[in-house]
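Given next are the chains, with one letter for each unit.
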Amino acid sequence: MRVSVLVNSKAGSVNAELIEAKVREALFRCDLRFCRPSTMTEMFDFVQEEQAKKTDYFIICGGDGTINVAIQAIMKYQNGGKLPPIAIVRSGTANDLAHEIGVSTRIDTAVRNIFEGVVKNIDVIEVSSGEQVAYMLTNGGLGLPAKAAELANKFRSHLQTLANCPKSAKAYRFLAQKSYHAVKKMGPSVYSMMTAEAIRTWNPEGWGLEIEIPGKVNVETSSPIVLINNQQKIGSSFVPAPFTSNTDGTVNLLLSETNSIPGHTLAAYHLRRGSVEKSPVFKSFELKEFRLKSQNPQRALTFFGDGEILLRDVQEITVRCLHHGLPVMVRQ
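Parameters and conventions
- Residues numbered from 1 in each chain as written.
- Predicted model: local features only at pLDDT ≥ 70, side-chain atom pairs only at ≥ 80, totals over all residues.
- Heavy atoms only, no water.
- Axes fitted to C-alpha atoms, helices over the stretch in contact; angles between N-to-C directions.
- Helix = DSSP H or I, 4+ residues; strand = E, 2+ residues; numbered from the N terminus.
- Parallel < 35°, antiparallel > 145°, perpendicular 65-115°, else oblique.
- Left-handed = near helix turned anticlockwise from the far one by under 90°.
- Contact = heavy atoms within 4.5 Å.
- Nonpolar A, V, L, I, M, F, W, Y, C, P; charged D, E, K, R; others polar.
- Core = buried A, V, L, I, M, F, W, Y, C linked by side-chain atoms within 4.5 Å.
- Buried < 20%, exposed > 50% of the residue type's maximum accessible area, 1.4 Å probe, protein only.
- Salt bridge = Lys/Arg side-chain N within 4 Å of Asp/Glu carboxyl O.
- Expected span 1.5 Å × (residues − 1).
- Arc of directions from axis to C-beta.
- Phe/Tyr/Trp six-rings, centres within 6.5 Å; stacked < 30°, edge-to-face > 60°.
- Lys NZ or Arg CZ within 6 Å of the ring centre and 35° of its normal.
- Pairing = 2+ DSSP bridges.

Visitor: What is the right way to look at the packing of helix H2 (residues 40–52) against helix H3 (residues 64–76) in this model?
Guide: Two measures define how a pair of helices packs: the angle their axes make with one another and the distance between the axes. Orientation of H2 relative to H3, taken along the N-to-C sense of each, is 40 degrees, at an axis distance of 9 Å. As judged from the angle between their axes, H2 and H3 are oblique. Between H2 and H3 lies a crossing whose hand is right-handed. Contacts between H2 and H3 involve Met 40, Met 43, Phe 44, Val 47 and Gln 51 from the first element and Val 69, Ala 70, Gln 72, Ala 73, Ile 74 and Lys 76 from the second. Of the residues that constitute the contact of H2 with H3, the class distribution is eight nonpolar, two polar and one charged.

Visitor: Help me out: how do you make sense of the nonpolar core in this one?
Guide: Generally speaking, a soluble globular protein has its nonpolar side chains buried in company with each other. By size, the foremost hydrophobic cluster in this structure holds 51 residues, and its most contacted members are Val 3, Leu 27, Ile 59, Ile 71, Ile 86 and Leu 326. The element that contributes the greatest number of residues to this core is H3, accounting for seven residues. Residues within four places of Leu 326 in sequence aside, it is in contact with Ile 71, Leu 83, Ile 86, Lys 120, Asn 121, Ile 122, Val 124 and Leu 137.

Visitor: Just checking my understanding: could you explain the pattern of salt bridges for this structure?
Guide: Side-chain pairs of opposite charge can arise whenever the charged atoms involved come near each other. For the structure shown, the criterion picks out 16 salt bridges. Measuring nitrogen to oxygen at the nearest pair gives 2.4 Å for the salt bridge that ties Arg 312 to Glu 150. Of the two residues, Arg 312 sits in strand E15 (residues 308–314) while Glu 150 sits in helix H7 (residues 144–164), which places them 162 residues apart along the sequence. Judged by relative accessible area, Arg 312 falls into the partly exposed class, the value being 41%. Judged by its relative accessible area of 18%, Glu 150 falls in the buried class. Residue Lys 293 is joined to Glu 212 by a salt bridge in which the shortest nitrogen-to-oxygen separation is 3.1 Å. Of this pair, Lys 293 sits in strand E13 (residues 289–294) while Glu 212 is found in strand E8 (residues 209–212), placing the two residues 81 residues apart along the sequence. Take Glu 212: its relative accessible area is 21%, and that puts it in the partly exposed class. Through salt bridges with shared partners, a single ionic network connects Arg 2, Asp 31, Arg 33 and Glu 50.

Visitor: Sorry if this is basic, but what is going on with H2 here?
Guide: Spacing of three or four residues puts side chains on the same side of an α-helix, whose turn is 3.6 residues. Taking 1.5 Å as the rise per residue, H2 with 13 residues should run 18 Å; its terminal C-alpha atoms sit 18 Å apart, in good agreement. Residues of H2 that are buried include every one of Met 43, Phe 44, Phe 46, Val 47, Glu 50 and Gln 51, and no others. Projection of H2 onto a plane perpendicular to its axis shows the buried side chains occupying an angular sector of 160 degrees, all on one side. Residues of H2 that are exposed and angled more than 90 degrees away from the buried face: Thr 41 and Ala 52.

Visitor: Would you mind going over the packing of aromatic side chains with me for this structure?
Guide: Working definition: an aromatic ring pair is given by the centre-to-centre distance plus the angle between the planes. A full pass over the atoms with the stated rule returns two aromatic pairs. With centroids separated by 6.3 Å and ring planes inclined at 80 degrees, the aromatic side chains of Phe 44 and Tyr 77 adopt a geometry described as edge-to-face. Linking Phe 44 in helix H2 with Tyr 77 in the loop between H3 and strand E4 (86–90), this pair joins segments that are 33 residues apart in sequence. Given a relative accessible area of 15%, Phe 44 falls into the buried group. Overall, the relative accessible area of 16% leaves Tyr 77 in the buried class. Where Trp 202 meets Trp 207, the ring centres are 5.3 Å apart and the plane angle is 80 degrees; that geometry is what we call edge-to-face. Taking relative accessible area as the criterion, Trp 202 reaches 14% and is therefore assigned buried. Here the basic side chain of Arg 299 rests over the ring of Trp 202, its NZ or CZ set 5.0 Å away from the ring centre.

Visitor: What is the right way to look at the pairing of E13 in this model?
Guide: Judged by which residues are buried, E13 turns out to be one-sided: Phe 290, Leu 292 and Ser 294 face inward and are buried, whereas Glu 289, Arg 291 and Lys 293, on the alternate face, are not. Note that E8 and E13 share four bridges and pair antiparallel. Pairing of Glu 212 across the sheet is with Arg 291, part of E13. Strand direction decides the pairing type here: E13 and strand E16 (residues 316–330), joined by five bridges, are antiparallel. In the sheet register, Arg 291 faces E16, and the bridge partner there is Thr 318.

Structure, rendered in structure tokens:
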């Protein structure tokens, strides 16, 4: 049995050597192929080669961002064929997908899902603008959520750059290293911190969207919180879609009609508490497909999904649910 293993050595608090040793021990009878890509090109090349060689399973070791990058490659190179099931080792910041499908925190238990688990076909959300196409599995959005995700990614990247910069003073490198490890240990709490900063610095000028829903009347909104949800939780703590599912063939669209910092903050509080259905500022839709358009040519759209920026500086985005688009190994 051929098993292709992707390990992101930069994800969360991952120890790549430990993960590889645990995987080899748990799957010692398999034909294991490991890759620790340092660039996206390396990851895409590895996925393309393994799919061409008809690998039986992919194991992805990392967080939601790692899974997202791997999914871009897996979906791109499927060529209309049957996708090999994936198994997940959770070692990222939020691990939203792993939490949603019940992946064990034990590496050996997680990888043995390929023997002891069952296939669960989950929905894949396709987001596109012109010729740009990307995919997501968990949650994404525009406006304040995208800004918070971008702030979190920039903050971690900046700390990591300072920690590894040989030109920085030793004291600065030490402080940056400690700060970087502290942020990684914060896990999904970093998104709460960045949400507060996104609200503080949000510029509403010129922000507005037109939402085209096939077969329904178009919706116009100036909502600063636009969330696209394929599962209930985001960041393991925010609950924007308590009644949605990643297997029902629809994607949840959530809007908050707020226009002030106190209003945005209260909306974030309801998201954090999982009480969006009790707040009148939210509008929620379950849809198979829809299109988002900026009402202002000077205010382009940035879309994040699975914690990563998927589309940047575009004027319109089409969102489509690919029902049961990805096989994932889970415990019964």
